[in-house]
Each structure stands twice: as C-alpha cells, then as structure tokens.
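Residue-level structural notes
Below, each chain spelled out in residue letters.
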Amino acid sequence: MLFLGCACSGLAAVTNFSVGFESAEGFVSRSALAGQGGWVGLMYHTNTALFTNSGAAGNGVVGPGLNGSGQAAYVGLTPLPTNYSKFVELSHLLPLDPIGSGLPVVSFSARIKIIDSTSPSGPWDFFSLDFYNGSDVRLFSILFDNGPQEIRHTLKSGSTNIETFLAPFSAGVEYDLAVMMNFASNRCTVSINGALPPTNTFALASSGSALNLGTLSAVWQVDTPGSPGDNYMLFDNLRVISSPLVPPNPTLTLLKAGGTNAAAAARVSGSDGYKFALESTTNLTSWQPISTNLISSGIANYTDAGATNKPARYYRARWVR
C-alpha cells in the first residue's frame, strides 16, 4: 500500500526561458553565438580595463549538439585577440522578479560537456555558468575547473568568492546540471545527473544583494592570461522555469513489491528540480526516512533493499526544502 503526502498550489509553473540552439530557433551553426538569439558577448581588455564585443572570439554554435540534439553553443576554443586574453562572457537577459510574481522557486537546467585541450600538458582553463540579479551583481556561479576537473559552487560575497566543491567531472563526458533557486528562503540546491552532491544547498545570494534574476552568463576564464588552452565548454538545452513555493501534487507509484528475497522499488513523478523525502513504515505509526533526492526528467526511482523479507512495508513521499 502507498501513501503520499503533498500540498497543492493555485499557481502553475511558467517556462521563462528555453533554448536548444537549434536551426529551427534561428541559430546558425559554425557562427558566433554573440549576436544570435539575444546573446551578447564581451571580452576584457587587459591594458585598458575596458569591455568590448567579443564577436566570433571564444564562442560559437556547432553541430551536432549534446545528447543527440542538432546544435549546441560553446565558449572557449578559439584564439583571442591580442590584449583580450583574460575571459569571454556570453550573456542573455533573464529579467525575473520571482517573489513579486508569486513564483519564487526558479529551476534552471542545462546539459554541459567540457572538451579538453588537445595538448596533454594543457593549458587548462575555467568555465562557468553565472547568475546575476537585476542590479548586475553576480549572485553565484557553477564553475567547471578543467585543471583538477572539479565542479564547484561559487558564492559572490562582496569582493570574495566562497567556493565549495560539488563533484569531479571528466572531460568529454556530458553532465545534466540542475539548480533549484528558492528566492523566498534565499537558498539554492544543486544536483548533477539527478543526484545530490554531499554538499548541495547554499545561500542563493549574499547579504544585501537583491533577490531577483537579471542575466545568465556562460564564461570562459583563462587560467594564465595570454596563454589560453584550446579547451572549451559545450552547453545545450538551457531551461528556466518559475514555480510556486509548493509544487503541484506528485505521484507515488510502486514499481515492484518486496517480499521473500526481493527488494521493493518505487517511483516519484512530479516537477523537475524539487527535492523530496521518501519515507517508509511497517506499522503506519513510526515513519523512517530512506531517501532524499531531486526530481529529474519528471521522475525519481528508488529501490528499497530494506523491504526484503518484510511482511508489509508502506511508503510516502513529501516535498522538502
């Protein structure tokens, strides 16, 4: 028997931004991403400390894309002009007022792949997805450091970056990144390939920063200015969805009953980016947590080896922040 605990909401989720960089969306392959589909590219002049349009330097649209898609965007790879040797940033406006709109939970998802430098000795650079508020203050970043090949969360606090290790990555491997931002509680949760890293929940913004969204950026930061690697970050299937604080009702389904020498399996179906706790009991009185995870691609499955040889076992799922 299955029990499901949940709450309802009167507001529906809204897709604020979605792009796959496909030709059907107007993106031209083998061309700069800067200037297409509302994306703006910037480079930093090392000597004058001025920004200029990146043009075709360090960015573009290529095909085939990731996970079978037709095209993807990239940042990195191509040589930079003299004195523009520090970074390239591709930005897209994303003006959202999550709290004022009554949709304070913003879920971001993307597919990422880092392509390594062709030389076995590097150089290796940094790549990131940066989130800015409407005052153009960077709130946080998800950083892919291609040196040690680590994914890190970086919180901007004044002039300081507070970095937290999330997970290792391998160049040439695709990763599904999801970030659930709760502007009502100033918290965000990060998952990679549908799994929560050991440290996964952070402040969304440092003290004093406006709690809204203004811009999303994909960044190539050169580790040694003047000596960039030909490594690059492919990014594809970007999506931003705003939701009410309480998600729509999820569904709990028994995939396989337990019993003698058999484990039970259950599935929670619901809205992407929400964290849920799966609990079990044998007496309907004392409930024990057995799993906490995020919904990814609409579902999350769990196999309960603890149900083996149990005469009866009941389950319920509840959303957690």
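All values derive from a computational prediction rather than experimental measurement.

What counts and how
Residues numbered from 1 in each chain as written. Predicted model: local features only at pLDDT ≥ 70, side-chain atom pairs only at ≥ 80, totals over all residues. Heavy atoms only, no water. Helix = DSSP H or I, 4+ residues; strand = E, 2+ residues; numbered from the N terminus. Rg over C-alpha atoms; globule rule 2.2 N^0.38 Å. Buried < 20%, exposed > 50% of the residue type's maximum accessible area, 1.4 Å probe, protein only. Contact = heavy atoms within 4.5 Å. Lys, Arg positive; Asp, Glu negative; His and termini not counted. Charge placed at Lys NZ, Arg CZ, Asp CG, Glu CD. Polar contact = N/O pair within 3.5 Å; in protein donor to acceptor, adjacent residues only side chain to side chain. Salt bridge = Lys/Arg side-chain N within 4 Å of Asp/Glu carboxyl O. Pairing = 2+ DSSP bridges. Axes fitted to C-alpha atoms, helices over the stretch in contact; angles between N-to-C directions.

1. Regarding the overall build of the protein
- Each helix and strand counted, the protein has zero helices and 22 strands in total.
- For 321 residues, the compact-globule formula gives about 20 Å, and the C-alpha radius of gyration of the protein, at 22 Å, lands near that figure.
- When the 321 residues of the protein are sorted by exposure, 47% land in the buried category.
- Pairs at least 24 apart in sequence give 66% of the contacts found in the protein among residues at least 6 apart.
- Here the protein holds 17 positive side-chain charges and 19 negative ones, and the gap between their average locations is 12 Å.

2. A word on the environment of Glu163
- Assignment of secondary structure puts Glu163 in strand β11 (residues 160-168).
- Judged by relative accessible area, Glu163 falls into the partly exposed class, the value being 41%.
- Sequence-wise, Glu163 and Gly70 are 93 residues apart; in three dimensions their C-alpha atoms are separated by 34 Å.
- Dropping the residues within four chain positions of it, Glu163 is found in contact with Leu143, Arg152, His153 and Thr154.
- A distance of 2.7 Å separates the side chain of Glu163 from the side chain of Arg152, its partner in a polar contact.

3. A few points about the pattern of salt bridges
- If you walk through the whole model with that rule in mind, you get seven salt bridges.
- Here Arg111 and Glu174 are joined by a salt bridge, their closest N and O atoms 2.8 Å apart. With Arg111 in strand β7 (residues 105-115) and Glu174 in strand β12 (residues 174-182), this residue pair connects regions lying 63 residues apart in the sequence.
- Note that Arg111 is salt-bridged to Asp176, the shortest N-O span being 2.5 Å. One end of the pair, Arg111, is in strand β7; the other, Asp176, is in strand β12, with 65 residues separating them in the sequence.

4. Section: the sheet that holds strand β21 (residues 299-304)
- The sheet built from three strands is open, its strands ordered β17-β18-β21 with antiparallel pairing. Bordering the open sheet on either side are β17 (251-256) and β21, each of which pairs with just one other strand. On average, each strand axis in the sheet is inclined to that of its neighbour by 20°, with strand direction left out of account.
- For β17 and strand β18 (residues 264-269), the ladder comprises five bridges, and the chain directions are antiparallel.

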